[in-house]
Amino acid sequence: MFRLRSLRRALCAAAAALLLPLSAGLAGATDAAHAADAPGAGYWHTSGRQILDAAGQPVRIAGIN
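Keep in mind it's a predicted model, so treat the numbers as computed, not measured. (Residues numbered from 1 in each chain as written. Predicted model: local features only at pLDDT ≥ 70, side-chain atom pairs only at ≥ 80, totals over all residues. Heavy atoms only, no water.)

Novice: Looking at this structure, I do not really get the overall build of the protein. What am I missing?
Specialist: Assigned secondary structure in the protein consists of 1 helix and 2 strands. Traced from its N-terminal end to its C-terminal end, the protein shows the element sequence α-β-β. Looking at the protein as a whole, 6% of its 65 residues qualify as buried. For the protein, the exposed surface amounts to about 6,000 Å²; the carbon and sulfur share of it is 64%. (Helix = DSSP H or I, 4+ residues; strand = E, 2+ residues; numbered from the N terminus. Buried < 20%, exposed > 50% of the residue type's maximum accessible area, 1.4 Å probe, protein only. Areas by Shrake-Rupley, 256 points an atom, 1.4 Å probe, with all protein chains shown as cover.)

Novice: Even after reading the chapter, I still don't get a nonpolar patch on the surface, so can you show me in this structure?
Specialist: Judged by side-chain polarity, Leu4, Leu7 and Leu11 come together as a nonpolar surface patch covering roughly 300 Å² of accessible area. Within the element layout of this structure, Leu7 appears in helix α1 (residues 2-37). (Patch = residues over 30% accessible without salt bridge, like charges linked within 9 Å, V, L, I, M, F, W, Y side chains within 5 Å. Salt bridge = Lys/Arg side-chain N within 4 Å of Asp/Glu carboxyl O.)

Novice: What's the story with the environment of Gly42 in this structure? I'm lost.
Specialist: Along the chain, Gly42 turns up in the loop between α1 and β1 (45-47). Judged by relative accessible area, which is 57%, Gly42 ranks as exposed. Sequence spacing of Gly42 and Asp53 is 11 residues, and the spatial spacing of their C-alpha atoms is 6.3 Å.

Novice: Would you take a moment to explain the environment of Trp44 for this structure?
Specialist: Relative to the helices and strands, Trp44 resides in the loop between α1 and β1. Under the relative-accessibility criterion, Trp44 is labelled partly exposed at 43%. Setting aside chain neighbours within four positions, we find Trp44 in contact with Ile51, Leu52, Asp53, Val59 and Ile61. (Contact = heavy atoms within 4.5 Å.)

Novice: Where do I start with the side chain of Asp53 in this structure?
Specialist: Topologically, Asp53 is positioned in the segment after β2 (50-52). Summary of buried charges: Asp53 has no salt-bridge partner, and the nearest side chain of opposite charge, Arg60, is 14 Å away. In this structure the side chain of Asp53 is engaged in a polar contact, spanning 3.1 Å, whose partner is the backbone nitrogen of Ala55. (Lys, Arg positive; Asp, Glu negative; His and termini not counted. Polar contact = N/O pair within 3.5 Å; in protein donor to acceptor, adjacent residues only side chain to side chain.)

None of the figures reported here should be taken as evidence of function without further support.
In structure tokens form, the structure reads like this:
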């Protein structure tokens, strides 16, 4: 009984060690994809007096001095 329990623990630990890096890699890939959709993402350009992002939406630049 003790051998079966320790074997089960070892297999679970090995599975977790193999699967955790995979799930972290997938989360990073989706975060990068959503970052491109964020307001102000991509190249900025001007149109008249406005600064626009890659999607053509006005960009508001705010700063603290």
